[in-house]
Amino acid sequence: MATAAKTLGILPRPTAATGFWSWVATVDHKRIGILYGVTAFFFFLVGGIEAWLMRLQLARPGLELVTAKTFNALFTMHATTMIFLGVMPLLAAFMNYLLPLLIGARDVAFPRLNAFSYWIYLFGGIFINVGWLMGTAAGHVPDSGWFGYANLTSVEFSGGLGPDFWTLGLLLLGIGTLVSGFNFIVTILNMRAPGMSLMKMPIFVWTILVTSAIIIFAFPSVTVALIMLMFDRAFAANFFEVAAGGSVVFYQHLFWTFGHPEVYILILPAMGIVSEVLPVHARKMLFGYSVMVFSTALIGFMGFTVWSHHMFTVGMGPVVNSIFSLTTMAIAVPTGVKIFNWLSTMWGGQIRFTTAMLFAIGFIACFTIGGLSGFMHASAPSDAQQHDTYFVVAHIHYVLIGGSIFAIFSGIYHWFPKVFGRLLDERLGQWNFWLVFAGFHTFAFPFHFLGLLGMPRRIYTYAPGLGWEFWNLLSTIGVFVLAAGILVFIANVVVTMRKPMDAPADPWDGRTLEWTLPSPPPVYNFAVVPRVHLRDAFWFHKHPEGKEQALEYGEPHPGPIHLPGQSLMPVLLALGPTVAATGVLFVRMRESFAVPVIVAGFVIALLALWGWAFEGEGGTLIEPGEGS
Amino acid sequence: MRTRLGGAVRAALLPLVGALLAGCSTLPQTPLDPKGPVAQTQTGLLLYTLYVAVGIGVGVTAALLYVVFRFRARPGQVGVPLQIRGNHTLEIIWTIIPILILISVAFPTVEAAISTSAPPSGALTVRATGYRWWFAFEYPELGIVTANELRIPAGRPVRLEITSNDVIHSFWVPKLAGKTDMIPGRINVTWMQADEPDVYLGQCAEFCGDSHANMRFRVVAMSQADFDAWVTHRQAMKQGPGQLAEAAAAGKALFESPAPGGNCLSCHTVDGTPAQGKVGPNLTDVGQRSTIAAGILENDYESLKAWVKNPTDFKPGTTMPSHARLSEKDLDAIVQYLQSLK
Ligand code: HEM
Ligand SMILES: [Cu+2]
């Protein structure tokens, strides 16, 4: 089918179009998106099982289902997994798959780097979880919280390998995330279809742009913190060693200058997804597009001005606490504006209650609740009572499940036909939504009460008689309902994937360019890249309203389309740092072969880089209409 | 804030929330039932923001439900709805209204941040230190050290100097004051006050490792006269336990004998005796405390014995070693000795 280009370099490139190796060597953004999605969903289930075990343990006071150490490992790994291995990569799956389609491009700017991001994510994810194979008792599973505060993470107080798996694994993940951030920015700035000015981009693309910028500015900070922690642990440095003059508060500042923007990395793309789904299923244009763009950018910027609100209780004094209270409250303004704009988007529309729409509406409801409890935390003196209680756990889950996860499900139902050529079953979809919705509130709403009743978070057991029993039990029951909803979703995917690929190109009367393509789109995406004259160009192309010239197709490309060639170098390059990280682990274990392993890691990386630079020019030429 | 706005709001709504939360008023660890000025200020703000949040939440939810049902697609509908780009007036309105609401929270926030930070003059100073997983309390002006049960005079502000000996902990007595982190290498100063004599529950609020969940404590607020009497008594105890009953005396000997005996003295202090260890809680007045093991066990004969025999059964990860090698008789003697320390 595809014609392989001449090999000019020193290494032949793989060309398999199907089968295992075609997935390992792929550089196609659509396949990478699918890889991200499947892997991230797997980790999401792992994180869910961890959560379920925790909730079982907390169902009654004084239960002994798991040990204290195991519980601590569970909540640490649950949060780490959900944030870094579940939600972020699920969003990355959307970005990878959709970004080029939304802007009318044939791929991202750096396809091999894109593959590299995926592989290092996979390796980092496995790395962090290896400790489970070694058991929790000796502290080899990370169990010092997903924030890994120094000096609890020092060798003195966490002697096992847990924090090492955690630091090194997160460093690996960070590399992939940063690379993606750069890749998306370059793609968005350079590869838009002709005529698509920045203010004509779909709003989801804007959120990807802002998110990528946040990534680039936020990740260096945590990288520094993690490297210092790694040095402290592996090489007995004294960055956070109090007796040697180190400061443990310093770690918190570094961590939260990353940690707070991180929550916007999790929520902005989710808002972007919802902002795409709502207009389509309500058949209205996004209300206040430019305000949405500015509020997105503003939220991205303000995310960096509020980190100390995670540290209201460390004793920064009333002036600093007040300043950060005010900057934090200010974020409520652009966030509130978004909510009103979504409501107005639906106002006067023809709302179809598809599953995608239900999740998007559910998103607004849940995210509002989460945002409001966030606004409550902003007042420092009040937060002295809420901080580190279940009230905060309620806030996190309303924002991250009610926000990110609902948006992700909404996006899945919306774009599944585009990706897999099959429409998910709507009847199962409704069950999916209502079970998840009901289960989620039953599980997370009681956390508000628990917090106000003084239940601290991160406790593996509690005493009876504090008024916590009922709410804890209710919450645990909620998890079962929620889990049932997730199982219905899995069943839906399984059932749907057995059906023939018969989804139409544009099942929802969509507005953005991906719906102009067949489902699933061909490898080269656009045979003819359209010229865009308007926001929502495709919609006005279909419903002209006097705007007949919304979308214009030029002459087809004169010859076959050139696509980047497959490559194994991204996997190899991802392997290098992973091996080096394993070497650092061996340093901690005082193994004599540690240094050779670290060196080997660097050698692998260098070889991969060399191959990357010099492997065959590669590339495939594909005639439009051929191959998919 | 603590007085006007918060006070009014709280007075109006606390009963409501209280009823909603539990239907009873005896919950020992809720910040919604403040018993001193610091907690009152903080809870006042908490409730004020809570009501604002609930108000907005109800409003937005109602609007959402209205929009969703009013504009649902109906069969037979033809054509597409009008495509509206936006509306600047509306957008400006819903930018300004939240700003006004936020300003109404901002002022009391700053006021409260200042009023809760510095202890008033005439306060009693206590130095609270976090350990994995218990609390030490020292009264530098009175020369007393105790653990896990903080005695304070009611009606008088207590200036707290807060620090940690190992990892970060957080000092929290919900009814008296919000959290202040206990940070190694650093002393945080804050204050609290209990208006009435009572027992208030506290718990470590910053994750600090294995037994974080088991790091609790109590604040016993006493009338000034009772407190003074306790101080005098407690200062007298610095001379040592005095005349002991036979079993207790045997226990004392075991307590002070190095391994393979009790070896308790390598970690614990009992004032006026050779036991001067600094690793574990000071036990000089352990007999008068209501709980042991940092608030997780009642201070009775059986619990005490079980604890000494096998502390990790109750507090996973604790540095206190097991004493299961001691005979029942020896354990009994030690418990008798501990109970006599009051
Ligand atoms: C499947 C549904 C979920 C359940 C049943 C669940 C349950 C829990 C529970 C029981 C805790 C422990 C609270 C504590 O002891 O501190 C927790 C903590 C947490 N969860 Fe979830 N969770 C779920 C989904 C998520 C998702 C999707 C995210 C994020 C994207 C998330 C992020 C977190 C975070 C950040 C923490 C705090 C961990 C810490 O205290 O360090 N959870 N969750
Ligand atoms: Cu603690």
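In every chain, residue numbers begin from 1 and rise along the written sequence. Lettering for chains starts from A, numbering for ligands starts from 1, and both go in the order in which the items are written. Selection of residues for local features in this predicted model requires a pLDDT of at least 70, selection of side-chain atom pairs for listing and counting requires 80 or more, and totals for whole chains, interfaces and linings are taken over all residues. Side-chain numbers come from the whole structure's heavy atoms, not from hydrogens or water.

Per an unreviewed UniProt entry, chain B goes by Cytochrome c oxidase subunit 2 and derives from Symbiobacterium terraclitae. UniProt positions are given in the numbering used here, feature names are shortened, and annotations may be inferred rather than shown by experiment. As recorded by UniProt, the Function (unreviewed entry) comment attached to chain B reads in full: "Subunits I and II form the functional core of the enzyme complex. Electrons originating in cytochrome c are transferred via heme a and Cu(A) to the binuclear center formed by heme a3 and Cu(B)." In its Catalytic activity (unreviewed entry) section, the UniProt record describing chain B reads: "4 Fe(II)-[cytochrome c] + O2 + 8 H(+)(in) = 4 Fe(III)-[cytochrome c] + 2 H2O + 4 H(+)(out)".

For chain A, an unreviewed UniProt entry supplies the name Cytochrome c oxidase subunit 1 and the organism Symbiobacterium terraclitae. As its UniProt record puts it under Sequence similarities (unreviewed entry), chain A is described as follows: "Belongs to the heme-copper respiratory oxidase family." Per UniProt, the comment on chain A under Catalytic activity (unreviewed entry) is "4 Fe(II)-[cytochrome c] + O2 + 8 H(+)(in) = 4 Fe(III)-[cytochrome c] + 2 H2O + 4 H(+)(out)".

Please explain helix α13 (residues 390-420) of chain A as it appears in this structure.
Three or four residues apart is the spacing at which side chains of an α-helix point the same way, because the helix has 3.6 residues per turn. All names here are of chain A. Roughly 45° is the biggest bend found in α13, and it falls at His414, with proline Pro417 one to four residues downstream. With 28 of 31 residues buried, α13 is to be regarded as a mostly interior element. Following α13 by one or two positions, Gly421 has its phi on the positive side, about 70°. Two axes enter the bend calculation: one fitted to the seven residues ending at the residue in question, the other to the seven starting there, and the bend is the angle between them. Per the convention used, a helix needs a DSSP run of H or I reaching at least four residues, while a strand needs a run of E reaching at least two, with both numbered from the N terminus. Summary of the burial criterion: residues with accessible area below 20% of their type's maximum are buried, those above 50% are exposed, and those between are partly exposed, where the area comes from a 1.4 Å probe applied to protein chains only.

In this structure, what is going on with the pairing of strand β8 (residues 188-192) of chain B? I would like to understand it.
A regular strand places its side chains so that they alternate between the two faces of the sheet. Residue and element names in this part refer to chain B. With 4 of 5 residues buried, β8 is to be regarded as a mostly interior element. In this analysis, strands are considered paired if DSSP registers two or more bridges between them. Examined bridge by bridge, strand β5 (residues 158-164) and β8 share 5 bridges and lie antiparallel to one another. Bridge pairing in β8 places Val158 opposite Met192.

Sorry if this is basic, but what is going on with the coordination of the copper ion (ligand 2) here?
Each donor-metal-donor angle would ideally measure 109.5 degrees in four-coordinate tetrahedral geometry, or 90 or 180 degrees in six-coordinate octahedral geometry. Residues and elements named next belong to chain B. Donor atoms from the polypeptide that coordinate the copper ion (ligand 2) comprise His169 (ND1), Cys204 (SG), Cys208 (SG) and Met215 (SD), at 2.0 to 2.6 Å from the metal. As a rule, N, O and S atoms within 2.8 Å of a metal are its donors, except that Na, K and Ca use 3.2 Å; water is not among the atoms, so sites may look incomplete. Counting the intervening residues between successive donors of the copper ion (ligand 2) yields the motif H-x34-C-x3-C-x6-M. One end of the pair, His169, is in strand β6 (residues 169-173); the other, Cys208, is in the loop between β9 (198-203) and β10 (216-222), with 39 residues separating them in the sequence.

Teacher, can you tell me more about the UniProt feature "transmembrane region" (unreviewed entry) in chain B here?
All names here are of chain B. Residues annotated by UniProt as "transmembrane region" (unreviewed entry) correspond here to residues 50-69 and 90-110. Across residues 50-69, helical content stands at 100% and strand content at 0%; the span's end C-alpha atoms are separated by 28 Å. Annotated as 100% helix and 0% strand, the span residues 90-110 places its first and last C-alpha atoms 31 Å apart.

Is there a simple way to explain the domain arrangement of chain B in this structure?
Note: interface size is frequently given as the accessible area lost on complex formation between the parts. Residue and element names in this part refer to chain B. According to the domain assignment, chain B contains domain 1 (124-236) and domain 2 (240-339). Centre-to-centre, using C-alpha coordinates, domain 1 lies 22 Å away from domain 2. The criterion used for residue contact is that any of the two residues' heavy atoms lie within 4.5 Å. Across the contact, 19 residues belong to domain 1 and 22 residues belong to domain 2. Defined in terms of a 1.4 Å probe, buried area is the accessible area two parts forfeit on being brought together, summed over both. Counting the surface lost from both domain 1 and domain 2, the interface buries some 1,700 Å², and carbon and sulfur atoms represent 43% of this. The working definition used for a salt bridge is a side-chain nitrogen of Lys or Arg within 4 Å of a carboxyl oxygen of Asp or Glu. Linking domain 1 with domain 2 are 2 salt bridges, by the criterion used here. Residue ranges assigned to the domains are those given by an automatic or database domain assignment.

Where do I start with the pattern of salt bridges in this structure?
Once their charged atoms are close, side chains differing in charge can pair, the charge on each being opposite to the other. Inspection of every chain in the model, using the stated rule, returns 25 salt bridges over all chains. One salt bridge in this structure joins Asp509 of chain A and Lys542 of chain A, with 2.8 Å as the shortest N-O distance. In this pair, Asp509 of chain A sits in the loop between α15 (469-497) and β2 (531-532) while Lys542 of chain A sits in helix α16 (residues 537-542), placing the two residues 33 residues apart along the sequence. Given a relative accessible area of 13%, Asp509 of chain A falls into the buried group. For Lys542 of chain A, a relative accessible area of 27% gives the class partly exposed. Across the pair Glu149 of chain B and Arg151 of chain B runs a salt bridge whose closest N-O atoms are separated by 3.7 Å. Several salt bridges converge on common partners, so that one network encompasses Arg283, Asp506, Asp509 and Lys542 of chain A.

When you look at the UniProt feature "domain: Cytochrome oxidase subunit I profile" (unreviewed entry) in chain A in this model, what are you seeing that I'm missing?
Taking the UniProt record as the reference, the feature "domain: Cytochrome oxidase subunit I profile" (unreviewed entry) is found at residues 15-533 of chain A. Span residues 15-533 of chain A is 68% helix and 0% strand, its end C-alpha atoms 38 Å apart.

Sorry, what's going on with the sheet that holds strand β4 (residues 149-153) of chain B here?
Strand pairing within a sheet occurs via backbone hydrogen bonds; the two strands may be parallel or antiparallel. Residues and elements named next belong to chain B. Pairing in this open sheet of 3 strands is mixed, and the strands run β4-β10-β9 from one edge to the other. Because the sheet does not close on itself, it has two edges, and the strands there are β4 and β9. Strand-to-strand twist across the sheet, computed as the mean angle between neighbouring axes with direction ignored, equals 25°. Sheet contacts for helix α4 (residues 224-236): β4 and β10; angle to β4, the most-contacted strand, approximately 125°. Axis definition: a line fitted to C-alpha atoms, over the contacting stretch in the case of helices. Angles run 0 to 180 degrees between N-to-C directions.

Is there a simple way to explain the site of ligand 1 in this structure?
Residues and elements named next belong to chain A. A cutoff of 4 Å decides nearness: a residue is near a molecule or strand if any of its heavy atoms lies inside that distance of it. The immediate surroundings of ligand 1 are formed by 23 residues, with His78, Trp146, Tyr390, His397 and Arg458 found nearest. A distance of 3.3 Å is found between an oxygen atom of ligand 1 and a side-chain nitrogen or oxygen belonging to Arg457. We define a polar contact as two N or O atoms separated by no more than 3.5 Å, with the added condition that, inside protein, one atom must be a possible hydrogen donor and the other a possible acceptor, whereas residues neighbouring each other in sequence contribute only through side-chain atom pairs. Contact distances for ligand 1 include 2.5 Å between an oxygen atom and a side-chain N or O atom of Arg458. For the shell around ligand 1, the secondary-structure elements that each account for two or more residues are α2 (29-58), α3 (68-103), α13 and α15. At 7 residues, α13 tops the list of elements feeding residues into the shell around ligand 1. Ten residues, namely Ala, Val, Leu, Ile, Met, Phe, Trp, Tyr, Cys and Pro, are considered nonpolar, four, namely Asp, Glu, Lys and Arg, are considered charged, and the remaining ones, Gly among them, are considered polar. Residue composition of the shell around ligand 1, by class: 18 nonpolar, 2 polar and 3 charged.

Mind showing me how you'd approach the side chain of Asp383 of chain A here?
Mapped onto the secondary structure, Asp383 of chain A falls in helix α12 (residues 380-386). Under the counting rule used here, the positive set is Lys and Arg, the negative set is Asp and Glu, and His together with the chain ends is not counted. For Asp383 of chain A, which is buried and forms no salt bridge, the nearest opposite charge comes from Lys179 of chain B, at a distance of 6.9 Å. The contact partners of Asp383 of chain A, leaving out residues within four places of it in the chain, are His309, Phe312 and His377 of chain A together with Lys179 of chain B.

How do you make sense of the UniProt feature "domain: Cytochrome oxidase subunit II copper A binding" (unreviewed entry) in chain B when you look at a structure like this?
As annotated in UniProt, the feature "domain: Cytochrome oxidase subunit II copper A binding" (unreviewed entry) corresponds to residues 121-233 of chain B in the numbering used here. Counting secondary structure, residues 121-233 of chain B comes out at 9% helix and 52% strand; the distance between its end C-alpha atoms is 26 Å.

What should I look at first to understand the coordination of the iron atom of ligand 1 in this one?
All names here are of chain A. Coordination of the iron atom of ligand 1 by the protein is provided by His78 (NE2) and His397 (NE2), with metal-donor distances spanning 2.0 to 2.1 Å. Think of it this way: with four donors and all angles in the 85 to 135 degree range, the site is tetrahedral; with four or six donors, opposite ones beyond 155 degrees and the rest between 65 and 115, it is square planar or octahedral; otherwise it is irregular. Its 6 donor atoms give the iron atom of ligand 1 angles of 86 to 178° at the centre, a pattern that matches the octahedral case. With a gap of 319 residues between them, His78 in helix α3 and His397 in helix α13 connect regions that are remote in the sequence. Classification of His78 by relative accessible area gives buried; the value is 12%. Its relative accessible area of 15% is what places His397 among the buried residues.

Looking at this structure, how should I read the sheet that holds β5 of chain B?
Residues and elements named next belong to chain B. Taken in spatial order, the 5 strands make up an open sheet running β3-β2-β1-β5-β8, and their pairing is mixed. Both edges of this open sheet fall to β3 (144-147) and β8, since each of them pairs with a single strand only. Strand after strand, the sheet turns through a mean of 25° between neighbouring axes, direction not considered. Contacts between α4 and the sheet are confined to β1 (124-131), β2 (134-139) and β3, with β3 contributing the most and set at about 100° to the helix.

Any chance you could explain the interface of chain A and chain B here in plain terms?
Between chain A and chain B, the contact holds 93 residues from the first and 85 residues from the second. Of the roughly 7,300 Å² buried where chain A meets chain B, counting both sides, 69% is carbon and sulfur surface. At the boundary of chain A and chain B, one finds 1 salt bridge. Here Asp210 of chain B ties to Lys69 of chain A by a salt bridge, and the two come within 3.1 Å at their closest N and O atoms. On the surface where chain A and chain B come into contact, there are 24 residue pairs in polar contact (both at pLDDT 80 or more). Of all the secondary-structure elements, those providing two or more residues to the side of chain A that touches chain B are α3, α8 (248-282), α9 (289-302), α10 (318-346), α11 (355-377), α12, α14 (426-452) and α16 of chain A. The greatest single-element share of the side of chain A that touches chain B, amounting to 15 residues, is contributed by α10 of chain A.

Looking at this model, I keep getting lost on the environment of Phe409 of chain A. Mind explaining?
All names here are of chain A. Mapped onto the elements, Phe409 comes out in helix α13. For the pair Phe409 and Ile273, spaced 136 residues apart in sequence, the C-alpha separation works out to 9.8 Å. Discounting residues that sit within four places of it in the chain, Phe409 has contacts with Phe359, Asn432, Ile486 and Phe489.

Would you mind showing me how to read the nonpolar core here?
Nonpolar side chains tend to gather and get buried jointly when the protein is soluble and globular. Among the nonpolar cores identified, the biggest contains 251 residues, and Trp342, Met346 and Phe363 of chain A together with Leu150, Phe171 and Met192 of chain B are the most heavily contacted of them. Top contributing element to this core by residue count: α3 of chain A, with 25 residues. Setting aside residues up to four positions removed in sequence, Phe171 of chain B forms contacts with Ala128, Phe135, Phe137, Leu150, Leu160, Ile162, Gly178, Lys179, Thr180, Met182, Met192 and Phe217 of chain B. Residues Leu244, Leu326, Ala333 and Val335 of chain B belong to the second largest nonpolar core, which totals 25 residues. Residues enter a nonpolar core if they are buried and are Ala, Val, Leu, Ile, Met, Phe, Trp, Tyr or Cys, with the set joined through side-chain atoms within 4.5 Å.

Teacher, can you tell me more about empty space enclosed by the protein here?
Residues and elements named next belong to chain A. A cavity here means a set of points on a 1 Å grid, drawn over the protein atoms and nothing else, where a 1.4 Å probe fits but cannot get out; a pocket is an open set with protein on both sides within 12 Å along at least five of seven lines, and a residue lines either one if it has an atom within 4 Å of a point. Grid points are joined across faces, edges and corners, and a volume is the space filled by probe spheres set on the points. Applying the stated criterion across every chain yields a total of 5 cavities of 30 Å³ or more. Each pocket or cavity is described by its volume, and for the largest cavity that value is around 250 Å³. Taken together, 20 residues make up the lining of the largest cavity; nearest its centre are Met88, Pro89, Ala92, Thr177 and Ser180. Of all the secondary-structure elements, those providing two or more residues to the lining of the largest cavity are α3, α4 (111-129), α6 (162-190) and α7 (203-235). For the second largest cavity, the calculated volume is near 220 Å³.

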